[in-house]
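Inside the fold
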Amino acid sequence: MSGESLASAAALLRAGEPVAFPTETVYGLGANALDAGACRRIFAVKGRPADNPLIVHIAGMERLRDVCAVWPPEARLLAVRFWPGPLTLVLPRQKGVPPEVTGGLDTVGVRMPDHPLALALIRTAGLPLAAPSANLSGKPSPTTADHVWRDLQGRIPLIMDGGPCRVGLESTVLDLTAGSPVILRPGGVTKEELEQALGKAVMTADEAGESAPKAPGMKYRHYAPQGRVMPISADSAAAGRQIAEQLRTVRPGERVALLATDETLAGLDAAQRARLTPVFSLGGARRPAQAAARLFTGLRLADESRAGLILVQETEDSGVGSAFMNRLRKAARG
Ligand code: AMP
Ligand code: MG
């Protein structure tokens, strides 16, 4: 992207307009995080519920004082280790952050994205950017500029194209406002990596149970294509049997999509392939990072082919596989 287009994107942001931009996780729809009116535009464009908070994106530590009221040693340690990167830290909010950004909470989520265009845009605008994923609310998050265009064309003045997103799933959201850190949403930085960096156990929201502060957005319909999503076994042989069973029992005429590992796809026969559209690779078995990077593209392709049933192969439920499985479960719940 030329310096000129970066300057015009930054000018739009300073004028209170929303701009879509790439990050390493998914494409974001950014607006000036300190301007309530600009942030309301984001909710209107996406059709997003008002109590679902936005993550504030910064490009340098000096901006933190505009965003968070406190910056505890644990936050510092994690930022040094994982920023720029797919980790959002939830901390008490600074008064200047409008309630539109925090969903009315006293806390704010903040992160530094690991993408040169995102960092250049934030620096050129000279603003912290509040940015949720740049999709229509409820749809799978966009991992290419084309995904953004399909959802938001005509609704926003500019979409910056930085190619496909490396991580492909949203950031890990870690709450640092409770007694001990709690993962509110699994993402690109794993529980294991966080525990190693902090030298202590980190709970997931499920493990923390009732005492856990909830990530407000997690209750909403998410990552949901039009078709019915059905998870199938991570084991190729078992997955093969499930695919055969579904093709036998599916309503005549109903289109079936398959998102599965290369190993599982290699086991399909020609008749099965002919019945499935699309047949989409999630990458190699035991490579959950590949599956994570491809999931949302596969779900969108399944929708475009008007699949009524979308079979999606599971990964292991640990490491980055936890983030994949979290999104898959939500998509399946619809
Ligand atoms: P999105 O960028 O669309 O993935 O949405 C941001 C998500 O970050 C929200 O849906 C919440 O799950 C989480 N989040 C952001 N800010 C906070 C906060 N202050 N407290 C808890 N969760 C947050
Ligand atoms: Mg989102």
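Everything in this summary refers to the structure shown in the same document.

So, how was this worked out
- Along every chain, residues carry numbers that run from 1 in the direction the sequence is written.
- All chains are assigned letters beginning at A, and all ligands numbers beginning at 1, according to the order in which they are written.
- Owing to the predicted nature of the model, reporting of local features is limited to residues with pLDDT of at least 70; listing and counting of side-chain atom pairs is limited to 80 or more, with chain, interface and lining totals taken over all residues.
- Side-chain measures were taken over the full set of non-hydrogen atoms in the model, leaving aside hydrogen atoms and water.
- Criterion used throughout: strands pair if DSSP finds at least two bridges between them.
- Segments assigned H or I by DSSP are reported as helices when at least four residues long, segments assigned E as strands when at least two residues long, and all are numbered from the N terminus.
- Here, a salt bridge means any side-chain nitrogen of Lys or Arg that lies within 4 Å of a carboxyl oxygen of Asp or Glu.
- For every residue, the accessible area obtained with a 1.4 Å probe (protein chains only) is divided by the maximum for its type, and the residue is called buried under 20%, exposed over 50%, and partly exposed between those limits.
- The nonpolar core is taken to be a set of buried Ala, Val, Leu, Ile, Met, Phe, Trp, Tyr and Cys residues, with the residues joined through side-chain atoms within 4.5 Å.
- In the analysis that follows, any N or O atom pair within 3.5 Å is treated as a polar contact, provided that within protein one partner can donate a hydrogen and the other can accept it, and provided that, for residues neighboring in sequence, both atoms belong to side chains.

1. Structural notes on the sheet that holds strand β6 (residues 129–131)
Strand order in the open sheet made by the nine strands is β1-β2-β6-β3-β5-β4-β7-β8-β9, with mixed pairing throughout. Two strands in the sheet have a free side with no partner beyond their single neighbour: β1 (19–21) and β9 (203–204).

2. A look at the pattern of salt bridges
In the structure shown here, the tally under the stated rule is 16 salt bridges. K191 is the partner of E207 in a salt bridge, and the nearest nitrogen-oxygen pair spans 3.2 Å. Of the two residues, E207 is situated in helix α9 (residues 205–208) and K191 in helix α8 (residues 191–198); the sequence distance between them amounts to 16 residues. Between E254 and R251 there is a salt bridge whose closest N-O contact spans 3.4 Å. In this structure R251 comes out as exposed when scored by relative accessible area, which is 54%. Salt bridges sharing partners connect three or more residues here, namely D146, R150 and E304.

3. Observations concerning the nonpolar core
In terms of nonpolar packing, the biggest core is built from 60 residues, with L78, W83, L87, L89, L174 and L194 touching the most fellow members. Considering every element that reaches this core, the biggest residue donor is helix α6 (residues 116–125), with six residues.

4. Some remarks on the side chain of R111
For R111, the position within the fold is in strand β5 (residues 107–111). The buried category is assigned to R111, whose relative accessible area is 1%. A distance of 3.2 Å separates polar atoms of two side chains, one belonging to R111 and the other to T25. From its side chain, R111 meets the backbone oxygen of G85 in a polar contact 2.9 Å long.

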